[in-house]
Structures are given as structure tokens and as C-alpha cells.
Amino acid sequence: MEVKILSEKFEIENANLLKVAKEHGAYSTLDKLFSMEPVDVTEEVKKAGLRGRGGAGFPAGVKWGFLPKDTGKPTYLAVNSDESEPATFKDRYILVRDPHMLIEGIIICCWAIGCHDVYIYIRGEYTTQVKVLQAAIDEAYAAGYLGEKVAGQDFRIDVTVHRGAGAYVCGEETALLESIEGKKGQPRSKPPFPAVEGLYGCPTIINNVQTIASLPFIMTNGAEAYSVYGTEKSAGTHLFGISGHVEKPGMYELPLGLPLLEVLEKVAGGVWKGRKLKGVIPGGSSTPVLTAEEAKTVTLDYESMAEHGTMFGSGGIVVLDETVDVVKLVQNLIHFYHHESCGQCTPCREGLGWMKKIIGKLLEGEGTMADIELLRELCDNIEMKTVCVLSAACTMPVRSYLDKFRHEFEAYAKDRVNSAPANVELQRN
Ligand code: SF4
């Protein structure tokens, strides 16, 4: 089931070094690239059906097409490496194991959108990733793949690695831009969208690491070779980080569209210790949970996830076995999002704090049935009433747990005691 497009060099020793990466094909597509018109590169990416891999799934080529023409301002590219969604760990593999694939993708994108200045925004805590990436960038400059004349062409690209201070909300595109500009990383109201008014008020494309890293394959092999993988609307492959209660947690590259349960069985070795499946978080902690029953029919693509009332998200799949105490899980979730709220919107800052108190009350045996209703009402009243979607990233999944596992919340409220299932044991990390 696994496919090696993005992960082709992941197991090759020292593939982060230019010499080794080149031996395995890195930068081999640049002659072809510079023989093409930028607009044709964008068309090829559109034809490939590549959708943004950061979570929203917006078609990459279409996004590039939103850039206004002839503004007289520079165009910027910001590569989003602020991978902070709990359960998501795919981009850091690319940064460490094949950084030249990302740099080659940056060159392709820059040619297509007419960009000369690139910022790679990376979480400050990712010290290894920063070190490896910067070393690869330095090597690319020395070899003439970056700098004044990229691959001998009259085309300049400068790449700056910008380290964030470790705030989840800085993965939101406008907060990321604020942070690069040296301000507090708080989301901006949209519109204007970054493609029109982004970094320093200039047209800016923001793409996730995996999105950009997918470009060398598309350029080398053509759009059709890419779109043979996946489904009609969800083309290509994706790096899935599978964690939680499975026998073989890890990072796997798979074509989109495969049945979730088959992947869990055949790729991730099935539910841990042969236990029963309770649910699946399909795409990082912000995506609504699927029950074991729903997981039977869902496939790993954007459309199927939407049909099942959830989202594809980041591809960070978390498996929950029968021992999971959903109420405690929700406590963790709310705690995280409340902690990461930037505080500029009252519904997010105060509402998530209020939710945190209610769930704490339930867990301490002090909650009532009215508290469960209140939790639900708060979700409805917070969502879509804030500047960015961080609040919805908390309330959407919480609502799904309340709807699908309501009896567990009620057990806490009715019994007024810790009502975790008897077989709960400490979860492994
Ligand atoms: S929703 Fe939360 S994180 Fe987003 S801007 Fe408002 S306060 Fe900040």
C-alpha cells in the first residue's frame, strides 16, 4: 500500500547532504523548469491536482493564480514549517531527511510565481530540523542552486529561515506573517488575503512544507504521473503520521483514497494489544472524531472525510482503543487550545477557559447534566465568531465527542465520580 514519492530518500543515509541527494536525482528537474514559461508550471501543478497539505486542502496551483499581476511590489513565498498540530509529525521528516527536495520545490514555486525572496517559518523548538535545513540551504547557495543566479539562470532566489517562538497559532498563515515581520504572532482579519496583501503588505503565497516538497516529482514526471495516485478530487500521495493505540505507529506515505481501516490493519499493524477500536481522530487533534462504526466506511481523502462530517486535516491519524476515557481526552484537548489562544478575541480567550473549567468540574465529580448542555452551547457560540479558526479547532472536535460519546460525559455528571471505564490504564506516549 505504501508509495515512495516524497519519502523516496527518507531511508537513504545522509540524504540530507547535497552530494547524496544529487546522486538520487535532486535538482535534476531544473533545466526542464527553466525551459518552461512560469504560467505553464502553474498549469502543470493545477493539472496534477495538488492540494495544500497544511490542512485546508486548497489547490496549490489555484492559490498561486490568485496573485495580482503587475502591482510593482515584490512577491513573497512563505513556507509554513510551524508544524504544531498535536498528532502531526510529517513535515519534520522532510526537513531532516530530505531538505533538498524542499529547496528544489521552492525553486519550482519561485519560478512559477515570480518570487525572489522566501521565508521558511519553522518552530523554534525544532533545533535539529533548523540545523539540518540551514546546512542544506548553505550547501545549495554554495552550489549555485540559490543566490543571484539559480542554476546559472538570470534568476535570483534568497531563502531565510525564520524561527518562531513556539506558538501553535503561528501556523495560521496571517499570524505567521506577523511573526516574520517581527510582531506578536497574532492572526489578522481576512480579507485582505495574503495572496493580495501578505508579508510587508505585498502579495504572498503561503504553502506548507509537504506541498512544496511535492513539486519536484510533479515537474520531473509530469502532472499525470502524480494524479494516477489518489482519487479524482484528492490526487497524489500523502505522508500520514499514525499514532495512538496501534501496533506500529509511524510515518507512512500512501496514495489518497485508501480505506482507513485497511490502512490501520495492513500498514499500522491493527489496534494495540488486539483491543477493540473505539474511535479515530482522522487528521490531527482539531478534526472531529470518527466512531469505530464510521471508521468502517471512510476513506483517506478530502471528500470522504467531509461526507463523514469530519476533515482530512493534516493526515495525523490517532487511533483510540476501547480503554480511552473520552472526557479526559477532551480535557487535554481544551487545555491545549486554551493555552494556545493568542487572546485577542473574547470568545476564544474566555470561552475556551470557561470550557476548561466545566470539563474540570465534571472530572472532579462536581458536574451536572446542565454543564454538559452548557459545554455544547459554548461550542456553538464560540465557533466562527473569532478572528481565526483556532477556537473552531477546539470546539469542532469537542462537539463531536459530546455528540458521539455523550454517555461518557453523562456518566461523570450522574455518578458524580470519576467514571472512567474500568479497564483504563495509563496511555503510552
Ligand atoms: S480565535 Fe483565538 S487564537 Fe485566533 S485570533 Fe482569536 S483569540 Fe487569537
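Residues numbered from 1 in each chain as written. Predicted model: local features only at pLDDT ≥ 70, side-chain atom pairs only at ≥ 80, totals over all residues. Heavy atoms only, no water.

1. Comments concerning the pattern of salt bridges
- Here the structure, examined in full by the defined rule, presents 32 salt bridges.
- The closest approach of N and O atoms between E11 and R97, which form a salt bridge, is 3.7 Å. You can see E11 sitting in the segment before α1 (18–23) and its partner R97 sitting in helix α5 (residues 91–97), a full 86 residues away along the chain.
- Its relative accessible area of 65% is what places E11 among the exposed residues.
- For R97, a relative accessible area of 30% puts it in the partly exposed group.
- E178 serves as the salt-bridge partner of R188, at 2.6 Å between the closest nitrogen and oxygen. Of the two residues, R188 sits in the loop between α8 (173–180) and β4 (204–208) while E178 sits in helix α8, which places them 10 residues apart along the sequence.
- We classify E178 as buried; its relative accessible area is 14%.
- A network of salt bridges, in which partner residues are shared, links R376, D380, E383, R399 and D403. (Salt bridge = Lys/Arg side-chain N within 4 Å of Asp/Glu carboxyl O. Helix = DSSP H or I, 4+ residues; strand = E, 2+ residues; numbered from the N terminus. Buried < 20%, exposed > 50% of the residue type's maximum accessible area, 1.4 Å probe, protein only.)

2. Regarding the site of the ligand
- Taken together, V169, P187, S341, C342, G343, Q344, C345, C348, T386, V387, C388 and L390 form the complete shell of residues around the ligand.
- One can see that the ligand is located within the largest cavity.
- Residue classes in the shell around the ligand are distributed as 8 nonpolar, 4 polar and no charged. (Near = heavy atom within 4 Å. 1 Å grid on protein atoms, 1.4 Å probe; cavity = no way out; pocket = protein on both sides within 12 Å on 5 of 7 lines; lining within 4 Å. Sits in = over half its atoms within 2 Å of the grid points. Nonpolar A, V, L, I, M, F, W, Y, C, P; charged D, E, K, R; others polar.)

3. Thoughts on empty space enclosed by the protein
- Going through the model one piece at a time under the given rule, you end up with 1 cavity of 30 Å³ or more.
- For the largest cavity, the calculated volume is near 80 Å³.
- In terms of lining residues, the largest cavity is bounded by V169, P187, S341, C342, G343, Q344, C345, C348, T386, C388, L390 and S391.
- For the lining of the largest cavity, a count of residues per class yields 7 nonpolar, 5 polar and no charged. (Points joined across faces, edges and corners; volume = space filled by probe spheres on them.)

4. So, the sheet that holds strand β8 (residues 290–291)
- Across the sheet, 5 strands lie side by side as β6-β5-β9-β7-β8; this open sheet has mixed pairing. Two strands close off the open sheet at either side, each with one partner strand: β6 (250–255) and β8.
- The sheet contact formed by strand β5 (residues 237–244) and β6 spans 6 bridges and is antiparallel. In the strand pairing of β6, G241 is matched with M251. (Pairing = 2+ DSSP bridges.)

5. Details of the pairing of strand β1 (residues 76–81)
- Within β1, 6 of the 6 residues are buried, which leaves the element mostly enclosed by the surrounding structure.
- Where burial is concerned, the two faces of β1 agree: the one with Y76, A78 and N80 and the one with L77, V79 and S81 are both buried.
- The sheet contact formed by β1 and strand β2 (residues 117–122) spans 6 bridges and is parallel. The residue of β2 that forms the bridge with A78 is Y119.
- Across 5 bridges, β1 lies against β4 in parallel orientation. Directly across from L77, in β4, lies its bridge partner I205.

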